[in-house]
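# Fold and geometry: a report
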Amino acid sequence: ASELGVSVRSLQMAAAKAGTTPLNLLTAARLEHAAMELRAQPHKPITTIAFECGFSDSGYFTRRFQDRFAMTPSLYRLQK
(Lines give C-alpha, C1' and ligand atoms only; values in the text may rest on other atoms or scores of the structure.)
Protein backbone atom coordinates (compact mmCIF):
# COMPACT_ATOMS: atom_id res chain seq x y z
CA ALA A 1 0.00 0.00 0.00
CA SER A 2 2.77 2.43 0.89
CA GLU A 3 4.54 1.80 -2.44
CA LEU A 4 1.31 2.71 -4.20
CA GLY A 5 0.78 5.75 -1.99
CA VAL A 6 -2.58 4.58 -0.65
CA SER A 7 -3.85 3.39 2.68
CA VAL A 8 -4.09 -0.31 3.45
CA ARG A 9 -7.85 0.04 3.74
CA SER A 10 -8.08 1.66 0.29
CA LEU A 11 -6.10 -1.21 -1.18
CA GLN A 12 -8.35 -3.74 0.55
CA MET A 13 -11.48 -2.03 -0.74
CA ALA A 14 -10.15 -1.84 -4.31
CA ALA A 15 -9.23 -5.52 -4.22
CA ALA A 16 -12.66 -6.41 -2.80
CA LYS A 17 -14.34 -4.55 -5.67
CA ALA A 18 -12.27 -6.68 -8.05
CA GLY A 19 -13.41 -9.82 -6.20
CA THR A 20 -10.04 -10.67 -4.68
CA THR A 21 -7.68 -9.78 -1.85
CA PRO A 22 -4.44 -7.79 -1.75
CA LEU A 23 -2.55 -11.03 -1.07
CA ASN A 24 -4.06 -12.70 -4.14
CA LEU A 25 -3.15 -9.66 -6.26
CA LEU A 26 0.43 -9.78 -5.00
CA THR A 27 0.68 -13.53 -5.58
CA ALA A 28 -0.67 -13.11 -9.13
CA ALA A 29 1.92 -10.41 -9.86
CA ARG A 30 4.72 -12.60 -8.48
CA LEU A 31 3.57 -15.54 -10.60
CA GLU A 32 3.44 -13.41 -13.75
CA HIS A 33 6.96 -12.19 -13.07
CA ALA A 34 8.14 -15.75 -12.43
CA ALA A 35 6.60 -16.88 -15.72
CA MET A 36 8.54 -14.20 -17.60
CA GLU A 37 11.75 -15.15 -15.82
CA LEU A 38 11.30 -18.86 -16.56
CA ARG A 39 11.32 -18.13 -20.27
CA ALA A 40 13.91 -15.36 -20.18
CA GLN A 41 16.42 -17.38 -18.14
CA PRO A 42 16.02 -21.03 -19.18
CA HIS A 43 19.17 -22.20 -17.39
CA LYS A 44 18.42 -20.56 -14.05
CA PRO A 45 17.08 -23.05 -11.47
CA ILE A 46 13.32 -22.83 -10.92
CA THR A 47 13.83 -22.68 -7.15
CA THR A 48 16.08 -19.63 -7.57
CA ILE A 49 13.46 -17.89 -9.68
CA ALA A 50 10.78 -18.73 -7.12
CA PHE A 51 12.87 -17.24 -4.30
CA GLU A 52 13.69 -14.13 -6.35
CA CYS A 53 9.98 -13.62 -6.98
CA GLY A 54 9.16 -13.67 -3.28
CA PHE A 55 8.23 -17.30 -2.68
CA SER A 56 10.02 -18.86 0.29
CA ASP A 57 8.82 -22.41 -0.40
CA SER A 58 9.39 -24.00 -3.81
CA GLY A 59 6.58 -26.52 -3.29
CA TYR A 60 4.09 -23.72 -2.59
CA PHE A 61 5.38 -21.85 -5.64
CA THR A 62 4.88 -24.91 -7.86
CA ARG A 63 1.33 -25.48 -6.59
CA ARG A 64 0.34 -21.84 -7.10
CA PHE A 65 2.01 -21.80 -10.52
CA GLN A 66 0.04 -24.88 -11.57
CA ASP A 67 -3.17 -23.29 -10.31
CA ARG A 68 -2.50 -20.18 -12.40
CA PHE A 69 -1.01 -21.66 -15.59
CA ALA A 70 -2.37 -25.25 -15.56
CA MET A 71 1.14 -26.70 -15.86
CA THR A 72 4.30 -27.03 -13.82
CA PRO A 73 6.99 -24.35 -14.04
CA SER A 74 9.30 -26.79 -15.87
CA LEU A 75 6.65 -27.54 -18.53
CA TYR A 76 5.85 -23.83 -18.86
CA ARG A 77 9.52 -23.12 -19.48
CA LEU A 78 9.51 -25.59 -22.39
CA GLN A 79 6.46 -24.01 -24.12
CA LYS A 80 7.28 -21.72 -27.04
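Residues numbered from 1 in each chain as written. Predicted model: local features only at pLDDT ≥ 70, side-chain atom pairs only at ≥ 80, totals over all residues. Heavy atoms only, no water.

### Regarding the overall build of the chain
Threshold: The helix count covers DSSP runs of H or I at least four residues long, the strand count covers runs of E at least two residues long, and both are numbered beginning at the N terminus. Each residue's exposure class comes from its accessible area (1.4 Å probe, protein chains only) as a fraction of the maximum for that residue type: buried when under 20%, exposed when over 50%, partly exposed otherwise. Surface exposure here means Shrake-Rupley accessible area, sampled with a 1.4 Å probe, where a residue is shielded only by the protein chains that are shown.
A tally of regular secondary structure across the chain gives five helices and zero strands. Starting at the N terminus and ending at the C terminus, the chain contains elements arranged as α-α-α-α-α. Dimensions of the chain along its principal axes, counting C-alpha atoms only, are 40 × 25 × 20 Å. Out of the 80 residues belonging to the chain, those deemed buried represent 21%. Carbon and sulfur atoms provide 57% of the accessible area of the chain, an area that totals close to 5,500 Å².

### A look at the confidence of the model for the chain
Operational definition: The predictor rates its confidence in each residue with pLDDT, a number between 0 and 100.
Confidence along the chain averages 93 in pLDDT terms, with 99% of residues attaining 70 or more. Taking the mean pLDDT of every element in the chain, the minimum, 89, falls on helix 1 (residues 8–17) and the maximum, 97, on helix 3 (residues 46–52).

### Observations regarding the environment of N24
Within the secondary structure layout, N24 lies in helix 2 (residues 22–40). Looking at N24, the relative accessible area reads 43%, which means it is partly exposed.

### Examining the nonpolar core
Here is the rule we go by: Here, the term nonpolar core denotes a set of buried Ala, Val, Leu, Ile, Met, Phe, Trp, Tyr and Cys residues that are joined through side-chain atoms within 4.5 Å. When checking whether two residues touch, look at their non-hydrogen atoms; a contact exists if any pair is within 4.5 Å.
Counting residues in hydrophobic clusters, the biggest one holds 12 residues: L31, A34, A35, L38, I49, A50, C53, F55, F61, F65, F69 and Y76. Where this core is concerned, the elements lending two or more residues are helix 2, helix 3 and helix 4 (58–69). A total of four residues in this core trace back to one element, the largest contributor, which is helix 2. Those residues in contact with I49 that sit more than four places away from it in its chain are A34, E37, L38, Q41, K44 and R77.

### Brief notes about the environment of G5
Note on placement: G5 falls in the segment before helix 1. A relative accessible area of 65% means that G5 is categorised as exposed. Distance in space between the C-alpha atoms of G5 and G54 is 21 Å, their sequence separation being 49 residues.

### Points about the pattern of salt bridges
To be explicit about the condition: Any Lys or Arg side-chain nitrogen located within 4 Å of an Asp or Glu carboxyl oxygen qualifies as a salt bridge.
According to the stated counting rule, one finds three salt bridges in the structure shown. The partner of E32 in a salt bridge is R68, and the shortest N-O contact between them spans 2.4 Å. Pair noted here: E32 is in helix 2 and R68 is in helix 4, with a separation of 36 residues, a long-range link. Note that K44 and E52 form a salt bridge whose closest N and O atoms lie 2.8 Å from each other.

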